[in-house]
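# Understanding the architecture of this molecule
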Amino acid sequence: MLKSKTFVKKTRSGGVIKVVREHYLRDDIWCGSEACSECKQDSTVLQTDASIESSLCSYPHYLLPDSNVVLHQIDVLEHPVIQNVIILQTVVQEVRHRSAPVYKRLKDILHEKEKHFYTFTNEHRRETFVEREPGESANDRNDRAIRVAAKWYSQHLNTAETQAEGLKVVLLTNDQGNKQKAEEGGLLVFKCEEYIKSLIANPELVDLLALVRTCLSENEITSSKVLYPEHLPLSRVQAGIKSGSYLQGTFRASRDNYLEATVFVQGEGDTSTEVILQGLQHLNRAVHQDVVAVQLLPREQWVAPSSVVMQDEGAGKDDGVEEDEEEKVSIAESSRKPTGKVVGIIKRNWRPFCGMLNVSQIKESTRHLFTPADRRIPRIRVETRQSSTLAGQRIMVAIDGWPKDSRYPNGHFVRSLGGAGEKDTEEEVLLLEHDVPHQAFSQAVLSFLPQMPWVITPEDMKQREDLRSLTVCSVDPPGCTDIDDALHCRELENGNLEVGVHIADVSHFIRPGNALDKEAANRGTTVYLCGKRIDMVPELLSSNLCSLRSNVERLAFSCIWEMNNKAEILKTRFTKSVINSKASLTYAEAQMRIDDTSLNDDVTKSLRGLNKLAKIFKRKRIEKGALTLSSLEVRFHIDSETHDPIELQTKELLETNSMVEEFMLLANISVAQKIYDEFSECALLRKHPAPPLSNYDILFKAAKSKNVEIHTDSAKALADSLDVARVDGFPYFNTLLRILATRCMMQAVYFCSGMDSDFHHYGLASPIYTHFTSPIRRYADIIVHRLLAVAIGADSTYPDLMDKHKQSVLCNNLNYRHKMSQYAQRASVAFHTQLFFKNRGILNEEGYVLFVRKNAIIVLIPKFGLEGTVFFDSKDKAAPCVVFDEEGPTLTVEQHTFHIFDKVKVTISLDASNIQHQKIRMSLVHPVIPGVSVPASDAEPQAKKLKVDR
C-alpha cells in the first residue's frame, strides 16, 4: 500500500517546485516476539518468558515506553534488569530529533543482544500507521501512534497462534493525558515511576529515576518561594536574538568564584565578545557549557571581573540568595566590561557528573546534596535510599531540571565509580570529567585490523621507495612504544646533505569511513596520563605495526630534503616508503652519542649532522620572530609494585629535544605548503592566533614592577624584548616572565583552509602550518597524510576529504578533544602530585608569587612545578588586614606587600580533610607576617588563613 503527500515549496531563487513524498505501508513487518508463530520471522528478539518481579504486573509482559520516558529515563532503560522492551519507530525518530546524546545511548542499547530491545517499524505497518488529523499537533499525533501500536501488539500477542499464555504489553508514559486516553482505549498503562517502584526485587532502580517536574502537584509548585527569574520561552528568545535585544553565547562558569560566569558571544569570523555575569539571580540557573540568551545591563551597572576566590560552601538549604554573598562580588570602577543576565536557555549541555554525596544530617532522610568534582558545576539535590552505601564513594549523578523555586538543580543517581581516593577510581573520574573516550575498542573496530602475522608484501614494495638501507634512527622520551617519527642525515656525492623525516604510515592501515577510522576520528588524540596511555588506535597499531621500532621493517611516509651546510633547502620531495630503523634512542642516549668524541658510527654521525643543522634552523626561526616560551613540566618516577609516585622532578630539556623538534616543525611546514598548493579549499591546517592586547596586561604589569620594558607589536618584538629582559641578582626572572607570557597566548587550533583566511601561526612565526608527524596519536595527522598521498598520486581521494564543511566539523571535534586531553593530563599530574606529598609530611620550599588576587596570591614552586592559589579567608574575624591594589597589582597583608615575582618560602603538606577536593596546603615561613607565618620548626602548619587549591 502506498500513501503519498504532495505540496509545493518555494526555492531560494523565488521559483516554485512540486514535492511528492511517498510512504509505503506493508503487512510483512514482524512483531519480533519468539512467542508468536503468526509472523514469518527468521529471528526474534523479544523472549517468551518475559518475567520480572513486579507488584503491579505478576504476568509476563513486554514494556513499550513512549518518547518522553525514553528521553528522561534512559538511565533506567540502560539497567540490566530492564529487558524485553519494544521501541517504536515513532519514538526513535522523536528521540533522534530532540536529543542526540540520548539517541546514541538508545542505539547502543538496541545493539545489546542480551537486553532484548526490539525496534518495531510501526510507521510502515499497515495496521499501526496513523495519519495526522486536521488541527492535531505533531506531539498528539505521535502519542496516538504509540497508543495504536500498543493496542495492535496487545491484540496480536493474544491471538490463538501465540505460544505464551497471559503475555501482555505494558505502555509506560509520564503524560497524564496520554495515560488517560490509553486507559479509555483498554490498554494496560502505568506511569514510569509507579512501574519502577513496583519492581520489588530491584529497589536500586528507584534511584535512577529522573525527577520530572510534571510529577509535582500544582500546590507544591505554587506554594514554593520563587528564587530565580522565569526563563523566557524559546520563541521570545529567538525573536530577541534576531532583533539584537538578546545575545546568544556559551555559558562558562568560573572555577574560582561560584557567583561569577562569562558568556562568550561569537561574532563574525574569529571575533567574540565576553559578557560578565555576577550574582545567582543573573546566572539564573545556567550550568557550565549551556547555550544561553543574555540581556546586557545598562552601562552604569557594568562591572569588572571579580578578583575574589570564593567556593560555594553553604549548607545547601532552599533559601534565597543571602545578601552577604551578593556583597562579596567585586565591582571595580575601572576596567568595566559588558555585564548582563541570563534570560533564557537555548540548549542544555548537561551530562552525568562525577562527585560525592553529602549525606543529609536528618535521620532517615532520602534527600541529599551531591557535590560535583568540577567546581564549575553547582551542587545537585538527589533522592536516594542508598546514602549509607554511597557515602565515601565517587558516584555519577545526572541533572533532571532546575526549578525556579530551588537553590540547586534536581538530579538522580546514575552509578557508583568506587571508593574516593583510590587510584583507579580517581583515574576513571578524571577521564569521565574530561570526556575522554576510554572504553575498550569494540569488535567492530578490531575487525578492521590486519591479520597477524603481518608482513610487507611485494605489492606494497612496488608502490613504495625502498629506504631500508638508510641509517634511520628514532629519538623519543624513555619508555616510548608508540614511535611516530624517525630521522636520517647523510652526505651526498655533490657535497650537499640529505635529511629525511620518516613518519609512521598509519593511513595505510586505517581506511576512510570504516569503524576503525570513525573511532579514531571520534577519539581525536591519544591521551597521556601519569603512568597510563589512552590510545587513539588499538595497541596492535600504536605499539607494533605502526611504531617505527628499531631493526624491523616498517611502512613510512617520508619527507626528504636536499640542503647545503648552511641549512638552505634546495629540494623537497615526499614519498611513501619502507624503512628499517637502526636505533631507537632516548633523548639522553642520543645526546650522549653526540657528545662522546670516541663514537663515530653511522648513527652517531647522522645525529651530529642533524643536531648541527637543527641549531641553524632554530636560529633562523628565532630571527624571524618565533617565540621561545616556558612552562614547567614534571616527571614522576613510579614505583613498579604500588604504581605510586616515589620521586617528582621537573623535566630537563637537552639539545636532542630541540633537534627533533626542529625537524618535526620543518616537516609540518613543508607538508602544509604542499597540501595547500594542491587543495586550497580543503587543506587541514593549524593556526595560532595573535593574542589581543588585553591578554598582555598582567605581563606588562609584571615587567613594569621590575623596570623592564616589554613590546608586543609583533611576535618578533615580544621575542626580542623577552631575550633582553634581565634583572640583576634575579637569574630566574626571565624564566618567570616567559612562563607568564605563555599564559597570555591564545590556543592553537585546527581549521579548514577553505573556511578561513588567516593561516598565520603566531608562536612559530610561520605563515602556514599543519600537523603531519604524529599520526599514531593525532587524527589530524591521518587526514593530512591522506591529503598528501592524493597530492603526490600515492592514494585515491574520497568525497569527505574534499568537503570543506565536513572538514570544518571534524576540526571542531579535534580541537575539543585536544583541549580536553590537555586538561585531563593536568588533572592526572595534580592527582599524582597529591599522592607524592601524601607520605612526605611537611616540606619547606622556596617559590615565587606568580599572580596577585584581591584575597589571594598564587605561588609557583619551581622544584616541583607546583602551583596553587594561596588565599586569605576574609570571613574569619581574626584575619589580618588585607589591602588589594589592582594597578600594581599588589596585596598588602598587615605590613607586608606582595608583588608579582616576589620570592617566598613556604611549608607544603597535603590537606586530605576533604577527600574529594584534596588540597596542597601552604603556609608562609618567609616573609614573616604576624598571625600568618609559621616558624619553620613547627610540626604542623598553623596558618588558617592560607590555603592552596590544585
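Look above for the structure.
Anyway, here's the lowdown on the structure attached to this text. (Residues numbered from 1 in each chain as written. Predicted model: local features only at pLDDT ≥ 70, side-chain atom pairs only at ≥ 80, totals over all residues. Heavy atoms only, no water.)

### Comments concerning the pairing of strand 21 (residues 497-504)
Going by this rule: To sort residues, take the accessible area from a 1.4 Å probe on protein chains only and compare it with the maximum for the residue type: under 20% means buried, over 50% means exposed, and anything in between is partly exposed. Here a strand is any run of E in DSSP of at least two residues, a helix any run of H or I of at least four, and the numbering for each starts at the N terminus. Paired strands, in this sense, are two strands between which DSSP finds at least two bridges.
Where burial is concerned, most of strand 21 is hidden: eight out of the eight residues are buried. Of the strand pairs in this sheet, strand 20 (residues 485-491) and strand 21 are connected by seven bridges, and their pairing is antiparallel. In the strand pairing of strand 21, R490 is matched with E498. Linking strand 20 back to strand 21 in an antiparallel pair, the connection comprises five residues, with G495 at a positive phi of about 95°.

### A word on the sheet that holds strand 15 (residues 380-383)
This is how it is decided: Orientation is described by axes fitted as lines to C-alpha atoms, over the contacting stretch for helices, and by angles from 0 to 180 degrees between their N-to-C directions. Two residues qualify as a contact provided that any one of their heavy atoms is within 4.5 Å of a heavy atom in the partner residue.
Pairing in this closed barrel of five strands is mixed, and the strands run 13-14-15-17-16 around the ring. Each neighbouring strand pair of the sheet contributes to a mean axis angle of 55°, computed without reference to strand direction. Here strand 14 (residues 367-372) runs beside strand 15; their pairing, made up of four bridges, is antiparallel. Paired with F370 across the bridge in strand 15 is I380. Those strands touched by helix 14 (residues 423-433) are strand 13 (353-358), strand 16 (393-401) and strand 17 (410-419), and its axis lies near 140° from that of strand 17.

### Let's talk about unusual backbone geometry
Cis geometry marks the peptide bond from M452 to P453; its omega dihedral reads 0°. Note that P453 resides in the loop between helix 15 (443-446) and helix 16 (458-462). G888 connects to P889 through a cis peptide bond whose omega is -10°. With respect to the secondary-structure elements, P889 resides in the loop between strand 34 (882-885) and strand 35 (890-893). The residue N707 is not glycine, and still its phi comes out positive at about 60°. By the element assignment, N707 lies in the loop between helix 22 (697-705) and helix 23 (715-723). Phi at A765 takes a positive value of approximately 55°, unusual for a residue other than glycine. Secondary-structure assignment places A765 in the loop between strand 30 (749-752) and helix 25 (779-791).

### Observations concerning the pattern of salt bridges
Note that side chains of opposite charge can pair when their charged atoms are close. Applicable threshold: Salt bridges are identified by distance alone: a Lys or Arg side-chain nitrogen within 4 Å of an Asp or Glu carboxyl oxygen.
Under the counting rule described, the total for this entry stands at 50 salt bridges. Across the pair D290 and R348 runs a salt bridge whose closest N-O atoms are separated by 2.5 Å. Residue D290 is located in the loop between helix 11 (280-283) and strand 11 (291-296), and its partner R348 is located in the loop between strand 12 (340-347) and strand 13; the two are separated by 58 residues in the primary sequence. Residue R415 is joined to E428 by a salt bridge in which the shortest nitrogen-to-oxygen separation is 3.7 Å. With R415 in strand 17 and E428 in helix 14, the pair connects residues that are 13 residues apart, well separated along the chain. Residue class for R415 comes out partly exposed when judged on its relative accessible area of 37%. Members of the salt-bridge network, linked through shared partners, are D27, R125, R126 and E127.

### Some remarks on the side chain of Q807
The test is simple: Distance and chemistry together define a polar contact, namely a pair of N or O atoms within 3.5 Å, with one atom able to donate a hydrogen and the other to accept it when in protein, and with adjacent residues in sequence counting only for side-chain atoms on both sides.
Checked against the element boundaries, Q807 lands in helix 26 (residues 804-838). Look at Q807 and you get buried, because its relative accessible area is 2%. Looking at Q807, its side chain comes within polar contact range of the main-chain oxygen of L801, at 3.3 Å.

### Let's talk about the environment of K532
By the secondary structure assignment, K532 is in strand 23 (residues 532-534). Taking relative accessible area as the criterion, K532 reaches 37% and is therefore assigned partly exposed. C-alpha of K532 to C-alpha of E427: the two residues are 105 residues apart in sequence and 9.6 Å apart in space. Other than its neighbours up to four places away in sequence, K532 contacts E427 and V527.

### Here we look at the nonpolar core
Stated formally: For the purposes of this section, nonpolar cores are sets of buried Ala, Val, Leu, Ile, Met, Phe, Trp, Tyr and Cys residues that join through side-chain atoms within 4.5 Å.
One finds F663 and L684 to be the most contacted residues of the largest nonpolar core, which totals 89 residues. Among all residues touching L684, those that are not within four sequence positions of it are I675, Y750, F751, T770, A780, I783, V784, L787, Q807, L810, C811 and L814. Ranked by size, the runner-up nonpolar core spans 88 residues in total, among them L88, L172, Y228 and L277.

### A closer look at the packing of helix 19 (residues 587-595) against helix 20 (residues 602-624)
How we decide: Any angle that falls under 35 degrees is termed roughly parallel, while one over 145 is termed roughly antiparallel, one within 65 to 115 roughly perpendicular, and all others oblique. Gly is placed with the polar residues, together with every amino acid not listed as nonpolar (Ala, Val, Leu, Ile, Met, Phe, Trp, Tyr, Cys and Pro) or charged (Asp, Glu, Lys and Arg).
Two elements in contact, helix 19 and helix 20, have axes separated by 9 Å at closest approach and are oriented at 95°. Our classification of the angle between helix 19 and helix 20 gives roughly perpendicular. Along its contact with helix 19, which presents A590, R593 and I594, the element helix 20 presents V603, T604, L607, R608 and N611. Its residues assigned to classes, the contact of helix 19 with helix 20 shows four nonpolar, two polar and two charged.

### Re helix 4 (residues 100-110)
For clarity, the threshold we go by: To obtain the arc, one takes the directions from the helix axis to the C-beta atoms.
The set of residues buried in helix 4 consists of V102, Y103, L106, I109 and L110. Take helix 4 and look down its axis: the buried residues cluster within an arc of 120°, on one side only. With respect to the buried face of helix 4, the exposed residues turned more than 90 degrees away are A100, P101 and K104.

### Details of the sheet that holds strand 36 (residues 896-898)
Read across the open sheet, the three strands follow the order 34-35-36; overall the sheet is antiparallel. Since the sheet does not close on itself, it has two edges, and those belong to strand 34 and strand 36, each with one partner. Neighbour-to-neighbour, the strand axes of this sheet turn through a mean angle of 20°, independent of strand direction. With four bridges joining them, strand 34 and strand 35 adopt antiparallel strand pairing. Considered in strand 35, the bridge of F884 is made with L891.

### Structural notes on the packing of aromatic side chains
We count it as follows: Here a pair means two rings of Phe, Tyr or Trp (six-membered ring of Trp) with centres within 6.5 Å. Their orientation is stacked below 30 degrees between planes, edge-to-face above 60, and tilted elsewhere. By definition, being over a ring means that NZ of Lys or CZ of Arg is both within 6 Å of the ring centre and within 35 degrees of the ring normal.
In the structure shown here, the tally under the stated rule is 17 aromatic pairs. Here the aromatic rings of F836 and F837 are separated by 5.2 Å at their centres, their planes lie at 80°, and the arrangement is edge-to-face. Accessibility assignment for this pair places F836 and F837 in one class, buried. Relative to F864, the ring of F837 lies with its centre 5.3 Å away and its plane at 90°, an arrangement referred to as edge-to-face. Of this pair, F837 sits in helix 26 while F864 sits in the loop between strand 32 (856-861) and strand 33 (866-872), placing them 27 residues apart in sequence. Neither residue differs from the other here; F837 and F864 are each classed as buried. By the ring-pair criterion, three or more aromatic residues cluster together here, those being F730, Y732, F733, Y848 and F901. Its end group placed over the ring of Y59, K168 keeps NZ or CZ at 5.6 Å from the ring centre.

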